[in-house]
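Spelled out from the first residue to the last, the chains are:
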Amino acid sequence: MTQDDPAVPATGTDSPSMLDKARKNLHRACEHLNIHPDVIEELKWPRETLSATLLIRMDDGSRRAFKSWRCRYNDRRGPTKGGVRFHPNVRLSEIETLAFWMTFKCAVADLPFGGGKGGVSVDVKALSRTELERLSRTYIEAFAPFIGPDRDILAPDLYTNGIVIAWMADEYSSISGQPSPTAITGKPVAFGGTAGRKDATARGGYFALRHLEKSLEIDPDKATVAIQGFGNVGYHCAKLLHADGYRIVGISDSSGGIHDSDGFDPLAVMEHKHKTGSVLGAKGHGKTREIAGAEVLTLDCDVLVPAALEGQITAANWADIKARVILELANGPVGHQADLELTKKGHVIIPDILANSGGVIVSHLEWVQNRSGYYWDNSRVREHLKTTMDRETQAVWMQQTELGVSMREAAYIHALRRIAEAVEARGTEAYFEGG
Ligand code: NAD
């Protein structure tokens, strides 16, 4: 394992642009707060990022190497917390950017956590199940000294589902020499997981949208929705909104998209996807047509839910976006310039650090339950999630109204104020000069 040279900015080994762009939100938030420069200095770079090459024995006997990372961006508010993603495009700057976002997401939700993230550059679909298990366990073996319930807590992300997380938690327990479920959240319920984690990210976004329905003048019985990404988050969001009367008119996954102005039943589309591996071919209530995956973003609808990958709405397509409201369930689906242009045009973007914070809110409950050994039922988890989402969504909405800024700026201001308090509580330059 190698530790990146702390004298060199970690992103110096990769494109710096992604983290640089993410930090623009920090600088914009600073303009509205009287933040001590110590705080900005501290948030400029990740606290630590480790990289490791994972060497796996493949089923045919050959050896293969996979690049992997784990980043702890900032831990002033508590141990770092963040998912591990398995995806061919994973790279260092992406992991650091995601860890930066997690720092702000945990602060928006007022959780006692900092931000972290990890990933492996791998195409999961090209691995057998046994190869995937070896890779998941080797990731933990490589990073075990770096993680832990009071240091850095892992969770699911792209292509790291329940069984992958179970292998990881099992490996961490083996290395620790005792059952240690608390270092990894998102575990199956039978293995120390919490009720309500599976759909928590989608449900959190759903609560945020429902909380804002009146302010945004959305009528669920008339509103139409397009969803990009039909995995855990996209599917559960579609299901919840559909049950409340919203009409789901567009759905896409990595194989392409489907459109039906009379709407889809998300359950039927998921059944079809289970059988065929794709949403393509699923039928809606009217004249269903297949569309290119990217077209789902520009469909005529009221609410657009990007729930796949980052960087989906950019200079290339922002002008074609028709949805008045964008509920960001993926991390960073709207690029920086596109965000400014869409906001200027009057679109309302419910930002990722608020909209998809439901996952980490319920992960926090899992961590609490693992520590106490007392487990909550689903209704108690949901109630807590709703209370938290309503409270923080309202706070962000009030902030944007008072300052006349976008919801994204308001969310960053709200989070930065909390992070700054944690940094400043340890003393700033002004305190030491006075001393
Ligand atoms: P998942 O692996 O279950 O599903 C991802 C879905 O996106 C799949 O349906 C896949 O086919 C689709 N997809 C991939 N590339 C696509 C493309 N180019 N166009 C359209 N669809 C595409 O992942 P998930 O857990 O649902 O996560 C989705 C997003 O939400 C990710 O950005 C993740 O970082 C974010 N997120 C997830 C959680 C969580 O709790 N799972 C929490 C916070 C944020």
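Residues numbered from 1 in each chain as written. Predicted model: local features only at pLDDT ≥ 70, side-chain atom pairs only at ≥ 80, totals over all residues. Heavy atoms only, no water.

Details of the overall build of the protein chain
To keep things clear, this is the line we draw: Elements are defined by DSSP. Helices are runs of H or I of four residues or more, strands are runs of E of two residues or more, and each kind is numbered from the N terminus. Throughout, radius of gyration means the C-alpha value; the globule benchmark is 2.2 Å times the number of residues raised to the power 0.38. To sort residues, take the accessible area from a 1.4 Å probe on protein chains only and compare it with the maximum for the residue type: under 20% means buried, over 50% means exposed, and anything in between is partly exposed. It only takes one pair of heavy atoms within 4.5 Å for two residues to be counted as in contact. All accessible areas in this document rest on Shrake-Rupley with a 1.4 Å probe, and a residue is counted as covered only by the protein chains that are shown. Positive: Lys, Arg. Negative: Asp, Glu. His and the chain ends are not part of the count. By convention, charge coordinates are those of NZ in Lys, CZ in Arg, CG in Asp, or CD in Glu.
Looking only at helices and strands, one finds 14 helices and 13 strands in the protein chain. Computed over its C-alpha atoms, the radius of gyration of the protein chain comes to 21 Å, within 12% of the 22 Å expected for a compact globule of 435 residues. Based on the C-alpha atoms only, the size of the protein chain along its principal axes is roughly 65 × 60 × 45 Å. The buried share among the 435 residues of the protein chain stands at 59%. Counted over contacts in the protein chain with a minimum sequence separation of 6, partners at least 24 positions apart contribute 69%. Of the roughly 17,900 Å² of accessible surface on the protein chain, a fraction of 51% belongs to carbon and sulfur atoms. With 51 positive and 56 negative side-chain charges, the protein chain shows a spacing of 3 Å between the two charge centroids.

Details of the site of the ligand
The cut-off we apply is this: Nearness is judged by heavy atoms alone; a residue qualifies as near a molecule or strand once a single heavy atom is within 4 Å of it. Residues are grouped as follows: Ala, Val, Leu, Ile, Met, Phe, Trp, Tyr, Cys and Pro are nonpolar; Asp, Glu, Lys and Arg are charged; every other residue, Gly included, is polar. Where each domain starts and ends follows an automatic or database-derived domain assignment.
Neighbouring residues of the ligand: 23 residues in total, closest Arg85, Thr201, Asn232, Val233 and Ala308. Notes on the ligand: free accessible area 830 Å², of which the protein chains cover 86%. Those elements that place two or more of their residues in the shell around the ligand are helix H7 (232–243) and strand E8 (247–253). Of the residues that constitute the shell around the ligand, the class distribution is nine nonpolar, nine polar and five charged. When residues of the shell around the ligand are assigned to domains, at least three map to each of domain 1 (45–183) and domain 2 (200–355).

Describing the pairing of E8
The condition that has to hold: At least two DSSP bridges between two strands are needed for those strands to be called paired. Orient the strands so they point away from the viewer; a crossover is then right-handed if the path from the first strand over the helix to the second runs clockwise.
Burial analysis of E8 places six of its seven residues in the buried class, the great majority of the element. As judged from the five bridges shared by strand E7 (residues 224–228) and E8, these two strands associate in the parallel manner. Across the sheet, residue Ile227 finds its bridge partner in E8, namely Ile251. Handedness of the crossover joining E7 and E8 through H7: right-handed. Pairing of E8 with strand E9 (residues 256–259), which is carried by four bridges, proceeds in the antiparallel orientation. Across the sheet, the residue bridging to Gly250 is His259, located in E9.

Considering helix H11 (residues 358–372)
What counts is decided by this rule: Given a helix with a known number of residues, its expected span is that number minus one, times 1.5 Å.
Look at H11: 21 Å from first C-alpha to last across 15 residues, which is about the 21 Å you get at 1.5 Å a residue. Extensive coverage of H11 is indicated by the burial of twelve of its 15 residues. When we look at burial in H11, the residues that qualify are Gly358, Gly359, Val360, Ile361, Val362, Ser363, His364, Leu365, Glu366, Trp367, Gln369 and Asn370. In the core, the buried residues of H11 are packed alongside strand E4 (80–87), helix H3 (92–108), strand E6 (152–156), helix H6 (200–212) and helix H12 (378–403). Just downstream of H11, Gly373 is the residue with a positive phi angle, here 75 degrees.

Some words on the nonpolar core
For clarity, the threshold we go by: By nonpolar core we mean a set of buried residues, namely Ala, Val, Leu, Ile, Met, Phe, Trp, Tyr and Cys, connected to one another through side-chain atoms within 4.5 Å.
Among the nonpolar cores identified, the biggest contains 91 residues, and Phe100, Phe104, Leu209, Val305, Ile350 and Leu416 are the most heavily contacted of them. Lining this core are residues from two domains, each supplying at least three of them: domain 1 (45–183) and domain 2 (200–355). Ile350 has contacts with Leu209, Leu212, Leu216, Val325, Ile326, Leu327, Glu328, Ala355 and Met407, leaving out every residue within four places of it along the chain. If you look at the next biggest cluster of nonpolar residues, it comprises 30 residues, including Phe66, Val84, Phe143 and Leu154.

Some thoughts on the confidence of the model for the protein chain
This is how the line gets drawn: As a per-residue measure, pLDDT tells how confident the predictor is, with possible values from 0 to 100.
Looking at the protein chain as a whole, its pLDDT mean stands at 93, while 95% of the residues score no less than 70. Throughout residues 1–15 the model reports pLDDT below 50, and contacts reaching past four residues in sequence, or to other chains, amount to 27 contacts.

Quick look at the domain arrangement of the protein chain
The following threshold applies: When two parts are brought into contact, each loses some accessible area as probed by a 1.4 Å sphere; the total of that loss over both is the buried area.
Assigned domains within the protein chain: domain 1 (45–183) and domain 2 (200–355). Using only C-alpha atoms to locate each centre, domain 1 and domain 2 end up separated by 28 Å. Contacts between domain 1 and domain 2 engage twelve residues on the former and nine residues on the latter. Around 830 Å² of area is buried between domain 1 and domain 2 when both sides are counted, 57% of it from carbon and sulfur atoms.

Structural notes on the sheet that holds E9
Applicable threshold: Angles here are taken between N-to-C directions and fall from 0 to 180 degrees, while the axes themselves are lines fitted to C-alpha atoms, restricted in helices to the stretch in contact.
Pairing in this open sheet of seven strands is mixed, and the strands run E10-E9-E8-E7-E11-E12-E13 from one edge to the other. Each of the sheet's edge strands pairs with one partner strand only, and the pair in question is strand E10 (289–291) and strand E13 (348–350). Averaged over all adjacent pairs, the angle separating strand axes in this sheet is 20 degrees, with direction ignored. Here E7 runs beside strand E11 (residues 303–306); their pairing, made up of four bridges, is parallel. In the strand pairing of E11, Ile227 is matched with Val305.

Looking at the pattern of salt bridges
Side-chain pairs of opposite charge can arise whenever the charged atoms involved come near each other. What counts here: Here, a salt bridge means any side-chain nitrogen of Lys or Arg that lies within 4 Å of a carboxyl oxygen of Asp or Glu.
According to the stated counting rule, one finds 34 salt bridges in the structure shown. Where Asp20 meets Arg23, a salt bridge forms, and the shortest distance between an N and an O atom there is 2.4 Å. With Asp20 and Arg23 both in helix H1 (residues 17–30), this residue pair falls three residues apart, about one helical turn. Its salt-bridge partner being Asp110, residue Arg77 comes within 3.0 Å of it at the nearest N-O pair. Placement of the pair is Arg77 in the loop between strand E3 (63–74) and E4 and Asp110 in the loop between H3 and strand E5 (114–121), with a sequence separation of 33 residues. If you follow the salt bridges from partner to partner, you end up with Arg47, Glu48, Arg72, Asp75 and Arg151 in one network.

Details of the environment of Leu240
For Leu240, the position within the fold is in helix H7. Once the C-alpha coordinates of Leu240 and Phe207 are considered, the two residues, 33 residues apart in sequence, prove to be 9.8 Å apart.

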